Number of protein chains: 8
Amino acid sequence: MNEETLRALLERVATGQEEIDQAMAALRTLPFEDIGFARLDHHRTLRWGFPEVVFCPGKTADQVAVIVQRLAQRSPRVLGTRASPEQFAAAQALTPDLQYHASARALWLEREPERPLKPGVLIAAAGTSDLPVAEEAALTLRLMGHAPHLVVDVGVAGLHRLLPHLPALQAAHVVIAVAGMEGALASVVGGLVACPVIALPTSVGYGASFGGLAALLAMLNSCASGIAVVNIDNGFGAGYMAATINELAYRGA
Amino acid sequence: MNEETLRALLERVATGQEEIDQAMAALRTLPFEDIGFARLDHHRTLRWGFPEVVFCPGKTADQVAVIVQRLAQRSPRVLGTRASPEQFAAAQALTPDLQYHASARALWLEREPERPLKPGVLIAAAGTSDLPVAEEAALTLRLMGHAPHLVVDVGVAGLHRLLPHLPALQAAHVVIAVAGMEGALASVVGGLVACPVIALPTSVGYGASFGGLAALLAMLNSCASGIAVVNIDNGFGAGYMAATINELAYRGA
Amino acid sequence: MNEETLRALLERVATGQEEIDQAMAALRTLPFEDIGFARLDHHRTLRWGFPEVVFCPGKTADQVAVIVQRLAQRSPRVLGTRASPEQFAAAQALTPDLQYHASARALWLEREPERPLKPGVLIAAAGTSDLPVAEEAALTLRLMGHAPHLVVDVGVAGLHRLLPHLPALQAAHVVIAVAGMEGALASVVGGLVACPVIALPTSVGYGASFGGLAALLAMLNSCASGIAVVNIDNGFGAGYMAATINELAYRGA
Amino acid sequence: MNEETLRALLERVATGQEEIDQAMAALRTLPFEDIGFARLDHHRTLRWGFPEVVFCPGKTADQVAVIVQRLAQRSPRVLGTRASPEQFAAAQALTPDLQYHASARALWLEREPERPLKPGVLIAAAGTSDLPVAEEAALTLRLMGHAPHLVVDVGVAGLHRLLPHLPALQAAHVVIAVAGMEGALASVVGGLVACPVIALPTSVGYGASFGGLAALLAMLNSCASGIAVVNIDNGFGAGYMAATINELAYRGA
Amino acid sequence: MNEETLRALLERVATGQEEIDQAMAALRTLPFEDIGFARLDHHRTLRWGFPEVVFCPGKTADQVAVIVQRLAQRSPRVLGTRASPEQFAAAQALTPDLQYHASARALWLEREPERPLKPGVLIAAAGTSDLPVAEEAALTLRLMGHAPHLVVDVGVAGLHRLLPHLPALQAAHVVIAVAGMEGALASVVGGLVACPVIALPTSVGYGASFGGLAALLAMLNSCASGIAVVNIDNGFGAGYMAATINELAYRGA
Amino acid sequence: MNEETLRALLERVATGQEEIDQAMAALRTLPFEDIGFARLDHHRTLRWGFPEVVFCPGKTADQVAVIVQRLAQRSPRVLGTRASPEQFAAAQALTPDLQYHASARALWLEREPERPLKPGVLIAAAGTSDLPVAEEAALTLRLMGHAPHLVVDVGVAGLHRLLPHLPALQAAHVVIAVAGMEGALASVVGGLVACPVIALPTSVGYGASFGGLAALLAMLNSCASGIAVVNIDNGFGAGYMAATINELAYRGA
Amino acid sequence: MNEETLRALLERVATGQEEIDQAMAALRTLPFEDIGFARLDHHRTLRWGFPEVVFCPGKTADQVAVIVQRLAQRSPRVLGTRASPEQFAAAQALTPDLQYHASARALWLEREPERPLKPGVLIAAAGTSDLPVAEEAALTLRLMGHAPHLVVDVGVAGLHRLLPHLPALQAAHVVIAVAGMEGALASVVGGLVACPVIALPTSVGYGASFGGLAALLAMLNSCASGIAVVNIDNGFGAGYMAATINELAYRGA
Amino acid sequence: MNEETLRALLERVATGQEEIDQAMAALRTLPFEDIGFARLDHHRTLRWGFPEVVFCPGKTADQVAVIVQRLAQRSPRVLGTRASPEQFAAAQALTPDLQYHASARALWLEREPERPLKPGVLIAAAGTSDLPVAEEAALTLRLMGHAPHLVVDVGVAGLHRLLPHLPALQAAHVVIAVAGMEGALASVVGGLVACPVIALPTSVGYGASFGGLAALLAMLNSCASGIAVVNIDNGFGAGYMAATINELAYRGA
């Protein structure tokens, strides 16, 4: 029941065309989407300019292709995470200007490449091996209208590589700290900046990293304040969270 | 070495009172706090009005008392987390206007109770049992200059309790979702708002909650976007993170 | 907004006392509880005769007492799980006819003790040590209007103790299999009956039971069909689930 | 020893053809299947019309083929779970009307496709990626004589997608909630319905879902009542459990 | 239905006092204990001279007392594991000659202290801290009719302490290796002897022993052959297993 | 230093050809293998007729081939576990009468196929999927001189399949219970027999079996007495342990 | 068999008082301690001046007291770890000059307090809460003859506190990095020094530190080189390891 | 900012060419690398003759090739761990004298093969299956200037194989104990030597070794003193740690 239907119902009540009891029954069963939640969704799209994201694993190539096609009809931007080359190929057949970021395993569409992006997000990746995850975060941010600053190979075992970036770190609105192994970068960065830090653990590591669990636990237990954590290898999640935070600086209170 | 000392050193060099070699030795060994990091700390204190926080477990009551006393000499606000009544008693003996929040197990000092607090943070706690953790977050926020809005008993098993708060949720700059058991509140809230959500798992639950692990994992795996997670029962961490985010809305880009 | 309020609003629209736009605004923001979910809740109460259950851990004794008092004003039956003696004492002070089941750690109220209970649920507990959890399930069932049949000490290491109960097992509508240690009772029972089996793991056991984890995993991996599992030591959860299933046999399709 | 053999033995005793001591020895060693358990099995088959299910992993293609062939000789319906295409090919060579459901990885036979199916089970799957597991549940239900109603893509991050299905949810006898990631769907559904809910966690998710562990734990810890959980990705188990429950509604007390 | 009842039934059939159909009904429902399993139990008691063991945790002191009393009426020996002093006190009040082994936390009764015990079991405990668990195993063995040889403080960090016991180790029929921490004793002993070794992990250890998990995993993964493992701190289980093995050497093939 | 060398040394001392101090130095440094441990090994080989076993994973095909060749020169029997087809091919090229058991992934040699084997070990496997692991145990037993009795598909969900084997179970000296999923077979068998039971968990199962962890934990926590457990899928270990136990029945005390 | 016994045996052989065969039998069975391992122990004591350490948990107060008394008769130094006040009281009654370090929970004896200690070990503790564990390491080192340099409260969230200690860090022979929570101190220190670093995780932390597991995993996965890890809270182990390393610098190659 | 730049700055201040305020600004922002950390790095390279190591997983073949090329321009030695054959091929194309160790999966360069290596490190590997990890440690040591002594197949199940190496073990400065399965070698070796022992767990093992977790936990919980542990399969880490320790013996205090 959209605005129009609701208005029509009330008009029928107002003009006596509809009994009050009937109207009450209709109102009790109306889908919530139509009076409240759809408005919310619309609100979100207007404000962030970003539609739903497609989580590709477990979907057939055809399913991905159709979902992407429909999203591309309603939005100038689309993002599909963890997409296989086969899923991309099927999707590109229906949406020819779709693009693929191989190392981030993301399919994406940007039909307004000239629109200005908002600076304020710094992505610090501990090592080159963490780059694919960092790139997923960066791509997410760009599609959401932000201009991330990416610095790589600044692991804590060589503080001299991180510290030259101190001015940039301190100027950021929000920092994403990407690290596998022991994930200590989040704590060190957290101690150097006053802005919010999003810790992004990766599955990079030797045996007892247990697929990123070591970095995840370390980041959750950081002795530095102002840190929150997203899932292992979830570059999209970190990028999205950073975008919502950076957006606040531009919207104001 | 603070600004004054550094300036004095350079002036001594400039006036020939100090040899260059001696100055170089002094500069090489000067504590970084005094040229760079102290500035940062000072910067942080000036901006956030908040000194270091005391993590009380494992410290003797005397150690806590002395640390709190020294912090209270330099700052109008002090926060000690996970403080036992014994630690509070010892600290209050040295700092008589210190206060204690029994359910949040926090000792705190606020010598400027009239200063204005910034609204924008909403704390949603799933159940009454999650209240102590939510209160730790709220206390942290208030000491950092923010005015949290706390709503309790809005667990997902009764959506009708959560949904009346939808306008407040959608108006917030940042939401803290506090929940134990299965931690689903974070996902539901994340789907309802466009602002950043900080998920705060608690150790409330039956057997296989494993001390909050179930809620922690659920929140890390949320299907909603724009969520990041802090440690189990870490109300302080969630409050601090929320404060740094809400601050951005007031500072602007 | 309850039925009355909604009806009044529509009448004001019907009589022109309220503008359609105003009515739409009111309808858009009305709490969902009042048009839809409250009906559901009411429906549930009418049908099951059972109000919300109080999860007591983490609540103060005063909080429990007030919650129980309010529930007791609206319902002839109340159940509080994992209640401490202190919580019970405080609650009984406000609700004198409240009762306490010490081994099941439950506080409960039943003001209609003569109403007939529905048979059909069999609770099989592997050992005497599992009895407190089994009793929590039995109490829950009785408060929800069912008459559980409880058999104890029928662990799989002595099949001769279980098998005499075979006729009762095969006559049940639903069976709750309660076991700690290796939790094998669920599988053996599952192989003997055709009705649904609810597996209820307990934390009874030696070292590597890991607080019930061994039984929980065993039950989830049962080679028998028609089994589903609730949380460790969650007698309430198993009893509630069994009640909803047994109810179906009485309601019919 | 079947009914006939037993009767013959007793007749031999009655007619003095068999000594009492010999008869006692025979009775002491008679296979239990022949006096009790076989009856049970027969009972089950008569009532549910469903033979044993073949768990295919770890079996050779030839083993699967022979087992299926023998089951197909005694029953119009066969189900093999987690079957590989190779296992299906070998089995189809011996049982030509055998069918294969590729995404659910199930081989199945239905020789009475026109028989009426019983409605009452609703399967709600959080996302398209959860569909294969949901389909395994649906196939199991259909083979057991039930007509599941499947709704997909109703994850909790978009409540507006779930809520239009509220009437169907509230009309169901039993609901299967299928979800990976944080598995919150079970809790939200559990709060909306009064019937039993079977929670079916899937292994869909990013890093720290740990192969479905996050969803499994979340579902076990649900704050909603009336929920029980089956193994990760175990669509067959959920379907079977739902069938036994729905059957109750048709059998009556 | 015991031998007598069964014989009487058959005699009634033989004399025509009982109809065949009635006899069949009776036979179908007779408790298995009475025709098959009770025989087994009787067999076991005759052979091992050992009744059921009482697992005390989770039972009330009264329950323990009554169970012990009944067992003591039928057997000259009783064993209760993990008994608290309160449980013992209650039990001793009903069974005055009951005894308590404080460090092994076992209550026990032995009314035939002069009967000869069978040698052949060697218990090797790594350290003095493992002694309580080793003593639980030794007590179990003695009550079951065996004479264990206990050597203590033979951890692998001091091979010179273990090796003097080599002749005794090599003469044993079965060895129980008791160790906490890294549990390496099982592997070293397993490499020195040709007889079966029962590995008994204890919860003795620093932080990452995780309550005995480290020793348990180590023992399960032993590079030596001829080792099997019982639960953490389960001295009773190891003693019982060793008794069944040592018994074989006396029974012969 | 073998017997000959030791005798020669002592003779040189006896004849004054060697100084006592020199002899003491030689004795202090002599490899323990030569006076004690080699004797032990020899003892073991004489008694059990079984040389060392080759654990093949992580070894190159050439390494396996050479090790097998050398063992085959000194023993009529060889066993290599977890061998790949490549490792077998390389080994067979050097040892042409070597054989391969594909499903048990074992390479083996038996040059005395007519020697009599000792009965007494019963292997009970819960399902056909557990067969490869059961066969590894059976092969190990046969090479060690024992004649295992293997029964398959006797899972606890169908007790009627297990119980006909009760006489064989009760006649065995030792039983190996092989099961994946919830591993309940060990408990049920343990309750039916008085002899030692070796529990052998397998990795067969759905999601939350976690590679056999569920069965392993269940078996460790068995409520039946007289059970000890070997590593997941370690058919060799279970077979070896059973052989050492069965041997005792033939050796006597 | 000590040196004297061995010499006597050989002399009896040399003088014909002992047959060679008898001597061989004696030599084959002589305890290894007496010819080889005791020498090793003696060697160790001479070189390190440190006897065995008493691990106190699980021992009775009397057992501890006697063990300490005997060690104190043979050595001027004794160390007992994880000692309770009761254990200390009992031990001090027998050994009056025994001392107790309450926060490190260690009992210790040093009868040569003036002997010179070797510098070279730096202990860096992240926070005041880690101090008890650091003190256990320091005490161990002092008793072993080393003079540790302890710096506290140098966690990575405040690099400005750690960096002033850089010269001391770089001058050390070996560094012990003590930290709970996320354990990042080990990595940061490891990146700043070229000497070996012993990482010592503590159980200090909020919920998901899981008793020190987070710090342990982080330290094992450190991206810095030259780090090895000891058990959680195992200050003794870290101190002992550091002593063996520092000793090398004084012994030379 | 290196020494020269810093001196020049101070000279400009001394000569009035630079304002004090400008100098202060420059000093505040100077990269730390330039006054302290770069010197450290240089120091390390001079002393150890070893540049940074390349962790290859997650890097593209091209990235590895370029990094190796640049390192090879500044150092006669390069080490890349966990390198795939593809990464090696790409790197060798740019650096033709690069070599590959297939079983250790390491690419390496040594342009000064004749330089003398320092003895003192003994590597003891439990089994042939542990050899690849041991070889990674050995290669690391050689590239760092040390001459490891490698002994293989000395697992604790056959002490007679280990003990002949006792003199070599006792002569070593540092021992690396490499073992999978139950990892007991570390404890046995730790009890035999007085020097530091580095425990190196491997992922070799059956089911419940959980990828090396069993060995890792066992080593962390060793009852022997003087042991520290590196990550699972981390031969590089163990070799590096051993090199830093052995270096101390040559440098002296």
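Everything that follows concerns the structure shown earlier in this document.
Peer 1: How would you sum up the overall build of chain A? Please name residues and give values.
Peer 2: When helices and strands are counted, chain A shows 11 helices and nine strands. By residue count, 62% of the 253 residues in chain A fall in the buried class. A fraction of 69% describes how many contacts in chain A between residues 6 or more apart in sequence connect residues 24 or more apart. Accessible surface for chain A amounts to roughly 8500 Å². Of this, 53% is attributable to carbon and sulfur atoms.

Peer 1: Describe in detail helix 10 (residues 213-220) of chain F, supporting the description with residues and values.
Peer 2: The buried fraction of helix 10 of chain F amounts to seven of the eight residues, a majority that puts the element mostly inside the structure. Buried within helix 10 of chain F are the following residues: Ala-214, Ala-215, Leu-216, Leu-217, Ala-218, Met-219 and Leu-220 of chain F.

Peer 1: I'd like to hear about the relation of the copies chain H and chain G, residue by residue, with values.
Peer 2: Both copies of the chain are tied together by a single rotation about an axis and a shift running along it. For the pair chain H and chain G, the superposition axis carries a translation of 0.1 Å, the fit reaches an RMSD of 0.4 Å, and the rotation angle comes to 179 degrees. A rotation of that kind, with that shift, is consistent with a two-fold axis. Looking at the interface residues of chain H, 100% of them are also at the interface in chain G, so both copies use one shared face.

Peer 1: I'd love a proper account of the environment of Leu-10 of chain E, names of residues and values included.
Peer 2: You can see Leu-10 of chain E is positioned in helix 1 (residues 3-14). In this structure, the C-alpha to C-alpha distance between Leu-10 of chain E and Asn-234 of chain E, residues 224 residues apart in sequence, is 46 Å.

Peer 1: Explain the sheet that holds strand 1 (residues 54-55) of chain D to me, using residue names and the numbers behind them.
Peer 2: Residue and element names in this part refer to chain D. The strand order across the open sheet formed by four strands is 1-2-4-3, and the pairing between neighbours is mixed. Two strands close off the open sheet at either side, each with one partner strand: strand 1 and strand 3 (99-101). In this structure, strand 1 lies alongside strand 2 (residues 77-81), joined through two bridges in parallel fashion. Note that in strand 2 the partner of Val-54 across the bridge is Gly-80.

Peer 1: Explain the side chain of Gln-87 of chain E to me, and be specific about the residues and the numbers.
Peer 2: Residues and elements named next belong to chain E. Positionally, Gln-87 belongs in helix 5 (residues 85-94). Its relative accessible area of 7% is what places Gln-87 among the buried residues. Of the polar contacts made by the side chain of Gln-87, one reaches the backbone oxygen of Cys-56; its length is 3.0 Å. A distance of 2.9 Å separates a polar atom in the side chain of Gln-87 from the backbone oxygen of Lys-59. In contact with Gln-87, not counting residues within four places along its chain, are Cys-56, Lys-59, Ala-61, Val-64, Arg-82 and Leu-107.

Peer 1: For the packing of aromatic side chains, give the residues involved together with the corresponding values.
Peer 2: The full count for this structure, using the stated rule, is 24 aromatic pairs over all chains. Here Phe-236 of chain C and Tyr-240 of chain C contribute two aromatic rings whose centre-to-centre distance is 5.8 Å and whose plane-to-plane angle is 65 degrees, an arrangement assigned as edge-to-face. Highlighted residues: Phe-236 of chain C and Tyr-240 of chain C, both in helix 11 (residues 235-251), separated by four residues, approximately one helical turn. Arranged with centres 5.4 Å apart and planes meeting at 35 degrees, the rings of Phe-55 of chain F and Tyr-206 of chain H form a pair that is tilted. Taken together, the residues Phe-55 of chain F in strand 1 (residues 54-55) and Tyr-206 of chain H in the loop between strand 8 (197-201) and helix 10 (213-220) connect one chain to another.

Peer 1: Just give me the short version of the relation of the copies chain D and chain C, but keep the residues and values in it.
Peer 2: Once chain D is rotated about the relating axis by 179 degrees and shifted along it by 0.1 Å, it coincides with chain C to within an RMSD of 0.3 Å. Take the interface residues of chain D: 100% of them recur as interface residues in chain C, which is what a same-surface contact looks like.

Peer 1: Just give me the short version of the sheet that holds strand 4 (residues 106-110) of chain E, but keep the residues and values in it.
Peer 2: All names here are of chain E. With mixed pairing, four strands are arranged side by side in an open sheet as 1-2-4-3. One side of each edge strand has no neighbouring strand; the edge strands of this open sheet are strand 1 (54-55) and strand 3 (99-101). Two strands pair when backbone bridges link them, and strand 2 (residues 77-81) and strand 4 are joined in this way by four bridges, in the antiparallel orientation. Paired with Val-78 across the bridge in strand 4 is Leu-109.

Peer 1: Outline the interface of chain H and chain G, supporting the account with residue identities and numerical values.
Peer 2: If you look at the interface, chain H gives 38 residues, while chain G gives 38 residues. Across the chain H/chain G interface, buried area totals approximately 3200 Å², and carbon plus sulfur atoms make up 67% of it. When the buried surface of chain H facing chain G is broken down by residue, Ala-194, Leu-220 and Leu-248 of chain H rank first, second and third, together holding 18% of it. Put simply, chain H and chain G have zero salt bridges between them. Linking chain H with chain G are five residue pairs in polar contact (both at pLDDT 80 or more). Among the elements of the structure, helix 3 (37-48), helix 8 (166-171), helix 9 (185-192), strand 8, helix 10, strand 9 (227-229) and helix 11 (235-251) of chain H are those that each provide at least two residues to the side of chain H that touches chain G. Broken down by class, the residue content of the side of chain H that touches chain G amounts to 26 nonpolar, 10 polar and two charged.

Peer 1: Account for the interface of chain D and chain C, with residues named and values stated.
Peer 2: The partner chain C presents 38 residues to the 38 residues of chain D that form the contact. Counting each side, the surface lost to burial between chain D and chain C is near 3200 Å², with a carbon and sulfur contribution of 67%. Counting the surface chain D buries against chain C, the share from its top three residues, Ala-194, Leu-220 and Leu-248 of chain D, is 18%. Across the contact surface, chain D and chain C share zero salt bridges. At the junction of chain D and chain C, the tally comes to five residue pairs in polar contact (both at pLDDT 80 or more). Top element by residues in the side of chain D that touches chain C is helix 11 (residues 235-251) of chain D. It accounts for eight residues.

Peer 1: With reference to specific residues and values, describe the pairing of strand 8 (residues 197-201) of chain F.
Peer 2: Residues and elements named next belong to chain F. Among the five residues that make up strand 8, five are buried, leaving the element largely enclosed by the rest of the structure. Residues Val-197, Ala-199 and Pro-201 of strand 8 are buried on one face, and the alternating residues Ile-198 and Leu-200, pointing to the opposite face, are buried as well. One ladder, built from five bridges, connects strand 7 (residues 174-179) with strand 8; its direction is parallel. Counterpart to Val-175 in the pairing with strand 8 is Val-197. After leaving strand 8, the chain enters helix 10 and then returns to the sheet as strand 9 (residues 227-229), a path that is right-handed.

Peer 1: Tell me about the state of the cysteines, and name the residues and values.
Peer 2: One pass over the structure, following the stated rule, counts zero disulfides over all chains. Of all cysteine sulfurs in the structure, the one in Cys-223 of chain B sits closest to Cys-56 of chain A, which takes part in no disulfide; the separation is 16 Å.

Peer 1: Run through the side chain of Lys-59 of chain G, naming residues and quoting values.
Peer 2: Position of Lys-59 of chain G among the secondary structure elements: in the loop between strand 1 (54-55) and helix 4 (61-74). Here Lys-59 of chain G is buried and forms no salt bridge, its nearest opposite-charge partner Asp-153 of chain E lying at an N-O distance of 6.7 Å. A polar contact of 3.2 Å, which involves the side chain of Lys-59 of chain G, links it to the side chain of Ser-129 of chain E. Those residues within four positions of Lys-59 of chain G in sequence are excluded, and the remaining contacts are Thr-128 and Ser-129 of chain E together with Val-54, Val-64, Ile-67 and Gln-87 of chain G.

Peer 1: Tell me about the pairing of strand 8 of chain H, residues and numbers included.
Peer 2: Residues and elements named next belong to chain H. On the question of chirality, the crossover connecting strand 7 (residues 174-179) to the parallel strand 8 by way of helix 9 is right-handed. In terms of strand pairing, strand 8 meets strand 9 through three bridges, oriented parallel. The residue of strand 9 that forms the bridge with Val-197 is Ile-227.

Peer 1: Now, about the packing of helix 11 (residues 235-251) of chain A against helix 11 (residues 235-251) of chain B: what can you tell me, with residues and values included?
Peer 2: Between helix 11 of chain A and helix 11 of chain B, the least distance of the axes is 6 Å, while the angle of their chain directions is 30 degrees. As summarised for this structure, helix 11 of chain A and helix 11 of chain B are arranged roughly parallel, according to the angle between their axes. The way helix 11 of chain A lies across helix 11 of chain B gives a crossing that is right-handed. Of helix 11 of chain B, the residues touching helix 11 of chain A (which contributes Ile-245, Leu-248 and Ala-249 of chain A) are Ile-245, Leu-248 and Ala-249 of chain B. The residue inventory of the contact of helix 11 of chain A with helix 11 of chain B, partitioned by class, reads six nonpolar, no polar and no charged.

Peer 1: Can you break down the packing of helix 4 (residues 61-74) of chain A against helix 5 (residues 85-94) of chain A residue by residue, with the values?
Peer 2: Residue and element names in this part refer to chain A. Packing of helix 4 against helix 5 leaves a shortest axis separation of 8 Å and a crossing angle of 40 degrees. The angle between helix 4 and helix 5 falls in the class oblique. The crossing of helix 4 and helix 5 is right-handed. Packed against helix 4, whose contacting residues are Ala-61, Val-64, Ala-65, Val-66, Val-68 and Gln-69, the element helix 5 presents Glu-86, Gln-87, Ala-90, Ala-91 and Leu-94 at the interface. The class makeup of the residues in the contact of helix 4 with helix 5 is eight nonpolar, two polar and one charged.

Criteria and cut-off values
- Residues numbered from 1 in each chain as written.
- Chains lettered and ligands numbered in written order.
- Predicted model: local features only at pLDDT ≥ 70, side-chain atom pairs only at ≥ 80, totals over all residues.
- Heavy atoms only, no water.
- Helix = DSSP H or I, 4+ residues; strand = E, 2+ residues; numbered from the N terminus.
- Buried < 20%, exposed > 50% of the residue type's maximum accessible area, 1.4 Å probe, protein only.
- Contact = heavy atoms within 4.5 Å.
- Areas by Shrake-Rupley, 256 points an atom, 1.4 Å probe, with all protein chains shown as cover.
- Least-squares fit on C-alpha atoms with pLDDT ≥ 70 in both.
- Pairing = 2+ DSSP bridges.
- Polar contact = N/O pair within 3.5 Å; in protein donor to acceptor, adjacent residues only side chain to side chain.
- Phe/Tyr/Trp six-rings, centres within 6.5 Å; stacked < 30°, edge-to-face > 60°.
- Buried area = accessible area lost by both parts, 1.4 Å probe.
- Salt bridge = Lys/Arg side-chain N within 4 Å of Asp/Glu carboxyl O.
- Nonpolar A, V, L, I, M, F, W, Y, C, P; charged D, E, K, R; others polar.
- Right-handed = clockwise from strand over helix to strand, strands pointing away.
- Disulfide = S-S within 2.5 Å.
- Lys, Arg positive; Asp, Glu negative; His and termini not counted.
- Axes fitted to C-alpha atoms, helices over the stretch in contact; angles between N-to-C directions.
- Parallel < 35°, antiparallel > 145°, perpendicular 65-115°, else oblique.
- Left-handed = near helix turned anticlockwise from the far one by under 90°.

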